[in-house]
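Survey of secondary and tertiary structure
Next come the chains, spelled out residue by residue.
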Amino acid sequence: MDKSTLLLLAVILAVFGASVAAGHPAWGTFTGIAIILLAAGLAAGTLPLDSQAYFDERIGPSQRISNSLITLSSAAIVAIYAAGYHRTSPAAHRFDSQALQQPTATIAAVVSPATANPPTNTPSASSSATPATKKNPRPTAPARKPAPAKPVESATQTRYKDGVYLAWGSCPHGDIEVSVVIQDGKIASSLISQCLTRYSCGWIAPKTPGGGLPDLPSQVIERQSPKVDYVSGATESSYAFADAVAAALSKALQ
Amino acid sequence: MHSPMLSPQPYPKRSNNDLRRSLALMGTVVTVHVVGGEQAPGETAQRERAVERAFGWFGGVEECCTRFEPESEVMRLASQVDVPVQVSTLLYEAVQFALAVAEESGGAFDPTVGYAMETRAFNREHRSGKKIETALDASTSVSYRDVRLDPQNRTITLLRPLILDLGAVAKGLAVDLATRELQRFQNFAIDAGGDLYLGGSNPDGEPWSIGVRHPRRENELIDSLRVSNRAVCTSGDYERRSSLDNSHHILDPRRGSSVEGVASVTVVASNAMLADALATAAFVLGPAEGIRLFDRLSVDGLIITPQLERYVTRGMSEYR
């Protein structure tokens with residue numbers, strides 16, 4: 001049960017206990033006080049209840065023997081995986097290395113059609129855009145015709161092609177679709193367009209930002225990168241989100 | 001180099017969509033095979049990244065748990081006696097699990113055999129041939145009871161100078177962590193030379209077929225199992241031998257010498273860490289007691305003696 005629910009329950013019990021003690025002579029003050037004490041105990045119990053301590057208690061050495069080794073080993077694997085020994089987002093690192101190689105590729109792609117035959121430019125550009133436009137009926141590719149000078153400038157820094165890019169990321173408990181909007185070569189917005197996970201995506205992307213909860217879509221804009229923080233308690237979802245952003249951005253590089 | 005004791009055999013014909021990678025890691029060859037099937041655009045790249053992360057765990061676990069690197073977390077722990085040392089979640093959980101198996105098996109499995117292994121010339125990393133010698137005042141015999149855990153502060157305290165050998169835990173653990181990375185693809189196999197996890201079904205849509213090596217005849221199988229969503233681990237006396245007296249690599253922690261009486265143990269369990277540790281424990285306990293341990297912990301197993309007698313749990317028939 002949630003801590004706040006428990007606390008609410010304790011308050012209700014306390015009020016009920018007080019009313020019993022005051023207004024029900026038949027039940028007697030003793031019953032009322034007993035209910036108040038129960039409420040106090042409940043409230044006190046909720047306050048220091050730390051989920052990590054609770055977890056330790058359950059698998060701690062005192063109960064190790066009675067717990068089966070199957071449970072202990074599964075819990076250990078989950079704990080280590082969640083702590084993430086090596087996961088300083090290799091997906092993002094890989095993406096970075098792709099991005100570094102990309103500018104030269106862009107130049108080559110732009111230069112060759114300009115020198116040889118311009119008609120091939122249009123189909124190749126539109127074919128790379130199809131995955132995005134197919135899912136999203138609103139086409140948003142204003143600056144599709146690149147002037148030969150422009151990409152040369154962009155070779156110094158990573159520049160994305162303007163447009164809306166959609167991509168999926170998945171984790172064991174479901175899939176997340178992210179849409180990334182590129183304007184003037186920068187990430188202008190990122191949002192979760194479909195959340196098909198078993199748990200609410202509110203854990204990684206709160207509906208009302210600024211509540212102290214981690215907001216991964218905002219991090220993408222701030223950092224201009226798929227390198228987001230992994231949210232404790234929602235690591236799988238964070239991972240799926242980061243994967244999806246990386247996939248969407250790689251489309252924007254093509 | 002020893003040949004693999006177990007292998008998903010024969011790797012069935014693969015469709016072009018299958019992704020298969022092998023890397024030399026943790027002193028063995030690790031192979032990851034993700035079965036293809038229908039793929040959405042972009043999924044290929046996601047698979048590649050997931051496989052990369054899966055391999056990454058092997059490196060991460062080895063870095064933490066290897067006896068062959070003086071700078072590894074487990075070796076830095078060995079230099080401190082009677083001091084509570086704060087350790088990573090990985091090391092803490094691995095040691096906690098190893099101690100639980102030690103207790104459950106009455107010390108037949110014991111992670112404190114590290115120094116005894118080293119002195120018996122199991123002190124070379126098989127990949128690089130790098131040799132390690134640790135100066136320890138180990139005149140007194142040690143056991144798993146000399147390791148204390150503090151779950152509150154996540155510390156490990158060694159009460160005596162000792163080296164933790166997480167060999168029978170680490171590789172299985174790495175397989176399990178890699179499994180978590182690949183779980184979303186349902187049908188996959190991870191083979192880390194004797195420690196396997198088989199997810200879903202093989203490219204033919206059937207349970208994975210796993211060959212169990214004949215303990216005395218190389219390149220021959222003594223049995224084959226059909227499994228799905230299970231880890232399979234085999235421990236054999238033919239794997240690695242001491243350069244001193246040709247004794248094999250599994251020590252009886254209670255006597256300090258290699259065990260005779262068992263040629264190979266195969267365990268089928270829900271995860272590879274458990275399967276590997278219990279295979280090692282059963283090796284020491286011997287066939288009859290080993291099977292009793294499996295039954296008590298509800299895992300399945302097959303124990304083969306040097307005379308090629310077979311001891312199996314009742315549940316093993318499910319994997320035929």
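The following paragraphs examine the structure supplied in this document.

Rules of the game
Residues numbered from 1 in each chain as written. Chains lettered and ligands numbered in written order. Predicted model: local features only at pLDDT ≥ 70, side-chain atom pairs only at ≥ 80, totals over all residues. Helix = DSSP H or I, 4+ residues; strand = E, 2+ residues; numbered from the N terminus. Contact = placed C-beta atoms within 7 Å. Buried ≥ 20, exposed ≤ 12 C-beta atoms within 10 Å, placed from the backbone. Pairing = 2+ DSSP bridges. Axes fitted to C-alpha atoms, helices over the stretch in contact; angles between N-to-C directions. Nonpolar A, V, L, I, M, F, W, Y, C, P; charged D, E, K, R; others polar. Expected span 1.5 Å × (residues − 1). Core = buried A, V, L, I, M, F, W, Y, C linked by C-beta atoms within 7 Å. Arc of directions from axis to C-beta. Left-handed = near helix turned anticlockwise from the far one by under 90°.

A word on the overall build of chain A. The secondary structure content of chain A amounts to nine helices and three strands. Along chain A, helices and strands appear, N-terminal first, in the series α-α-α-α-α-α-α-β-β-β-α-α. Counted over contacts in chain A with a minimum sequence separation of 6, partners at least 24 positions apart contribute 59%.

Another point: the overall build of chain B. In terms of regular secondary structure, chain B is built from seven helices and 16 strands. Looking at chain B residue by residue over its 320 residues, the buried ones come to 48%. Long-range pairs, those at least 24 residues apart, make up 63% of the contacts in chain B between residues at least 6 apart in sequence.

Residues and elements named next belong to chain B. Counting through the fold element by element, Trp57 comes out in helix 1 (residues 43-65). For Trp57, a count of 26 C-beta atoms within 10 Å corresponds to the buried category. Through-space distance from the C-alpha of Trp57 to that of Thr179 is 9.9 Å; in sequence the pair is 122 residues apart.

All names here are of chain B. Strand order in the open sheet formed by eight strands is 2-3-7-8-11-14-15-16, and the pairing between neighbours is antiparallel. On the outer flanks of this sheet lie strand 2 (19-25) and strand 16 (310-312), each paired with one strand and no other. Neighbour-to-neighbour, the strand axes of the sheet open up by a mean angle of 10 degrees, direction not taken into account. For strand 3 (residues 28-34) and strand 7 (residues 188-192), the ladder comprises five bridges, and the chain directions are antiparallel. Bridge pairing links His33 to Ala189 in strand 7. The strands touched by helix 7 (residues 287-296) within the sheet are strand 14 (264-269), strand 15 (300-304) and strand 16, with strand 15 carrying the most contacts at an inclination of about 175 degrees.

Now for the interface of chain B and chain A. Counting from both sides, the interface comprises 37 residues of chain B and, opposite them, 31 residues of chain A. Here the residues of the side of chain B that touches chain A are counted per class, giving 15 nonpolar, 13 polar and nine charged.

The terminal C-alpha atoms of helix 5 (residues 167-182) of chain B, which comprises 16 residues, lie 23 Å apart, in line with the 22 Å expected from a rise of 1.5 Å per residue. Most of helix 5 of chain B is tucked away, with 16 of its 16 residues classed as buried.

A few words now on the nonpolar core. Ranked by size, the top nonpolar core spans 96 residues in total, and within it Ala94(B), Ala174(B), Ala275(B) and Leu278(B) carry the most contacts. Here the element with the most residues in this core is helix 6 (residues 272-285) of chain B; it accounts for twelve residues. Ignoring sequence-local partners within four residues, the contact set of Leu278(B) consists of Val267(B), Ala269(B), Leu293(B), Phe294(B), Leu297(B) and Val299(B). Judged by nonpolar contacts, the second largest core, of 33 residues, contains Leu166(A), Trp168(A), Ala242(A) and Ala246(A).

What follows deals with helix 4 (residues 69-83) of chain A. All names here are of chain A. The end-to-end C-alpha separation of helix 4 is 21 Å, in line with the 21 Å expected for 15 residues at 1.5 Å each. Buried residues of helix 4: Leu69, Leu72, Ser73, Ala76, Ile77, Ile80 and Tyr81, and no others. One side of helix 4 holds all its buried residues, which, seen down the axis, span an arc of 160 degrees. Note on helix 4: the residue one or two positions beyond its end, Gly84, has a positive phi of about 65 degrees.

What follows covers the sheet that holds strand 5 (residues 147-150) of chain B. All names here are of chain B. Judged by pairing direction, the sheet is antiparallel, and its three strands sit side by side in the order 4-6-5 without closing on themselves. Of all strands in the sheet, those with a lone pairing partner are strand 4 (85-86) and strand 5, marking the two edges. Both strand 4 and strand 6 (residues 155-158) contribute to a ladder of two bridges, which runs antiparallel. Across the sheet, the residue bridging to Gln86 is Thr155, located in strand 6.

What follows is about the packing of helix 6 of chain B against helix 7 of chain B. A pair of packed helices is captured by two measures, namely the crossing angle of their axes and the spacing between those axes. Residue and element names in this part refer to chain B. Contact pair helix 6 / helix 7: the axes reach a minimum separation of 7 Å and the direction vectors enclose 145 degrees. Once helix 6 is placed against helix 7, the crossing between them reads as right-handed. Residue-level contacts link Leu278, Ala281, Ala282 and Leu285 of helix 6 to Glu289, Gly290, Leu293 and Phe294 of helix 7.

These figures capture arrangement, not role.
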